Amino acid sequence: MPLRHTALAVLVAVLWGLNFLAIHASLTHFPPLFLVALRFAIIAIPTVLLVPRPQVPARWLIGYGLGFGTLQFLFLYLGMNAGFPTGLASLVLQASAPFTVVLGAVLLRERLGVRAIAGVAVATAGLAVVGLSYGTSAPAGPFLLVLLGALGWALGNLASRQARAPRPLHLVLWMSVVPPLPMLALSLAVEGPAAIGDALATSLTAAAVPAWLGLAYTVLLGTLVGSGIWVWLMARHPAGRVAPFSMLVPVVGIATAWLALGERPAALELAGGVLVVGCVLWASRPARARIVPAGPGPAARPLPVPGPAPALRR
């Protein structure tokens, strides 16, 4: 990828890494399923009224909304609400990168170079080092929930790539129309009207301010800016070149959770994070052009005979 596209991919990783602190703040006040519905309803209502529908097939728009918007955050919020640590959640969710690469190769027949395969494999090993170091005392249930969220993200990546939206931000905005109604229905059935009513009744108190700030960050920077750039990149490059940058997210997530929440990572977790960063940068580095040995010098070649310029091929 060009250098400016690489810089954009890194920016998205930073925005999404900080997003886990915002989600943590919002979950302290709102029930998780209702929070997913609320997050996307805030975007969906003005989108339907003001933004033209993107010129993409409906199946890819719905697929992106179900994968990236619904499944990812349904399982991520449930896992974090069940007590899964914020920093570790930012790590486990990045299993979406190898999921995306594998699904892209299997479903979209994308060809993977040796560098990409090796980089993702070693970076995945780095994720495993962090997970094993921290996960010895972590319950399996929340871990599996966040892992399912990563699979949802990967499915959303492929759908957004297939959509090839001429205006990626419009695709991100209209994707938000998919999650609110099913998530609200699920919240009413699982969490119940009483829990939702209590959260809304106390939402204007001072104690709810961090939750609203977290929700604002998630909507504006995490979803609109971050996802808009991500979809733009996915539409212009193979999934296997873009997806590995998501592995930088846990580095930001673990560091900020350490600073803000006191979730201090162990030495092996830091070592795994360094391994992830190094492999992502190595895998994304453009391969050197092959140097073709020069043939006989100009003196050994006959001079070309001037003639009419060849016609341009249309």
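Quick note: structure is the one above.
Thresholds applied
Residues numbered from 1 in each chain as written. Predicted model: local features only at pLDDT ≥ 70, side-chain atom pairs only at ≥ 80, totals over all residues. Heavy atoms only, no water. Helix = DSSP H or I, 4+ residues; strand = E, 2+ residues; numbered from the N terminus. Buried < 20%, exposed > 50% of the residue type's maximum accessible area, 1.4 Å probe, protein only. Contact = heavy atoms within 4.5 Å. Expected span 1.5 Å × (residues − 1). Bend = angle between axes of the 7 residues up to and from the residue. Core = buried A, V, L, I, M, F, W, Y, C linked by side-chain atoms within 4.5 Å. 1 Å grid on protein atoms, 1.4 Å probe; cavity = no way out; pocket = protein on both sides within 12 Å on 5 of 7 lines; lining within 4 Å. Points joined across faces, edges and corners; volume = space filled by probe spheres on them. Nonpolar A, V, L, I, M, F, W, Y, C, P; charged D, E, K, R; others polar. Axes fitted to C-alpha atoms, helices over the stretch in contact; angles between N-to-C directions. Parallel < 35°, antiparallel > 145°, perpendicular 65-115°, else oblique. Left-handed = near helix turned anticlockwise from the far one by under 90°. Phe/Tyr/Trp six-rings, centres within 6.5 Å; stacked < 30°, edge-to-face > 60°. Lys NZ or Arg CZ within 6 Å of the ring centre and 35° of its normal.

> What am I meant to see in the overall build of the protein chain here?
Of the regular secondary structure elements, the protein chain holds 14 helices and zero strands. Along the chain direction, N to C, the helices and strands of the protein chain fall in the order α-α-α-α-α-α-α-α-α-α-α-α-α-α. Relative to its 314 residues, the protein chain shows a buried fraction of 49%. Sequence-distant contacts, at least 24 apart, represent 91% of the contacts inside the protein chain between residues at least 6 apart.

> What should I look at first to understand the environment of Tyr64 in this one?
As for its placement among the helices and strands, Tyr64 is situated in helix H3 (residues 58-81). Take Tyr64: its relative accessible area is 1%, and that puts it in the buried class. Among all residues touching Tyr64, those that are not within four sequence positions of it are Gly69, Gly156, Ala159, Ser160, Leu171, Val172, Met175, Ser227 and Val231.

> Just checking my understanding: could you explain helix H11 (residues 209-234) for this structure?
It helps to recall that an α-helix has 3.6 residues per turn; residues three or four apart then point in one direction. For H11, with 26 residues, the first-to-last C-alpha span of 35 Å sits near the 38 Å given by 1.5 Å per residue. Its axis deflected by about 30° at Thr218, H11 carries its strongest bend there.

> Got a minute to help me understand the environment of Leu200 in this structure?
In this structure, Leu200 sits in helix H10 (residues 192-201). For Leu200, a relative accessible area of 41% puts it in the partly exposed group.

> Is there a simple way to think about helix H8 (residues 168-175) in this case?
With respect to burial, H8 is a largely interior element, seven of its eight residues being buried. Here H8 has its buried residues at Pro168, His170, Leu171, Val172, Leu173, Trp174 and Met175. Those residues of H8 that are buried lie in contact with helix H2 (32-50), H3, helix H7 (140-163) and H11.

> Would you take a moment to explain the nonpolar core for this structure?
Grouped together as the largest cluster of nonpolar side chains are 74 residues, with contacts concentrated most on Tyr64, Leu76, Tyr77, Leu171 and Trp230. With nine residues, H3 is the largest single contributor of residues to this core.

> Before we go on, may I ask you to explain empty space enclosed by the protein in this structure?
If a probe as big as a water molecule is rolled over the atoms, it shows which places are left empty. Per the stated rule, a full pass over the model turns up three cavities of 30 Å³ or more. Counted as a void, the largest cavity has a volume near 90 Å³. Lining the largest cavity are 14 residues; nearest its centre among them are Trp16, Asn19, Gln72, Phe73 and Leu93. Put simply, the parts of the chain that give the lining of the largest cavity at least two residues each are helix H1 (3-27) and H3. When grouped by side-chain class, the residues that make up the lining of the largest cavity number nine nonpolar, four polar and one charged.

> Help me understand the packing of H2 against helix H9 (residues 180-190), please; the structure alone is not making it clear to me.
Between two packed helices, both the angle of their axes relative to each other and the distance between the axes serve to describe the pair. In the contact formed by H2 and H9, the axes pass within 8 Å of each other and the chain directions differ by 155°. On the basis of the axis angle, H2 is roughly antiparallel to H9. Of the two elements, H2 crosses H9, and the hand of that crossing is left-handed. Here Leu33, Phe34, Val36, Ala37, Phe40, Ala41 and Ala44 of H2 come into contact with H9, specifically with Pro180, Met183, Leu184, Leu186, Ser187 and Val190. Counted by class, the contact of H2 with H9 contains 12 nonpolar, one polar and no charged residues.

> Would you mind going over the side chain of Ser26 with me for this structure?
Here Ser26 shows up in helix H1. Dropping the residues within four chain positions of it, Ser26 is found in contact with Leu35, Ala211, Gly214 and Leu215.

> What should I look at first to understand the packing of aromatic side chains in this one?
A ring pair, where both rings are aromatic, is described by two values, the distance of the centres and the angle of the planes. By the definition in use, this model includes 12 aromatic pairs. Each ring, one from Phe30 and one from Trp212, has its centre 5.3 Å from the other, and the planes form 80°; the classification is edge-to-face. One end of the pair, Phe30, is in the loop between H1 and H2; the other, Trp212, is in helix H11, and 182 residues separate them in sequence. Judged by relative accessible area, which is 2%, Phe30 ranks as buried. Take Trp212: its relative accessible area is 32%, and that puts it in the partly exposed class. Relative to Tyr77, the ring of Phe73 has its centre 5.9 Å away and its plane inclined at 75°; by these criteria the two rings are edge-to-face. On the criterion of helical spacing, the pair formed by Phe73 and Tyr77 is a turn pair, its members being four residues apart in helix H3. Owing to a relative accessible area of 4%, Phe73 belongs among the buried residues under this scheme. For Tyr77, a relative accessible area of 1% translates into the label buried. When the ring centre of Phe73 is taken as origin, the NZ or CZ atom of Arg39, which lies over that ring, is 3.8 Å away.

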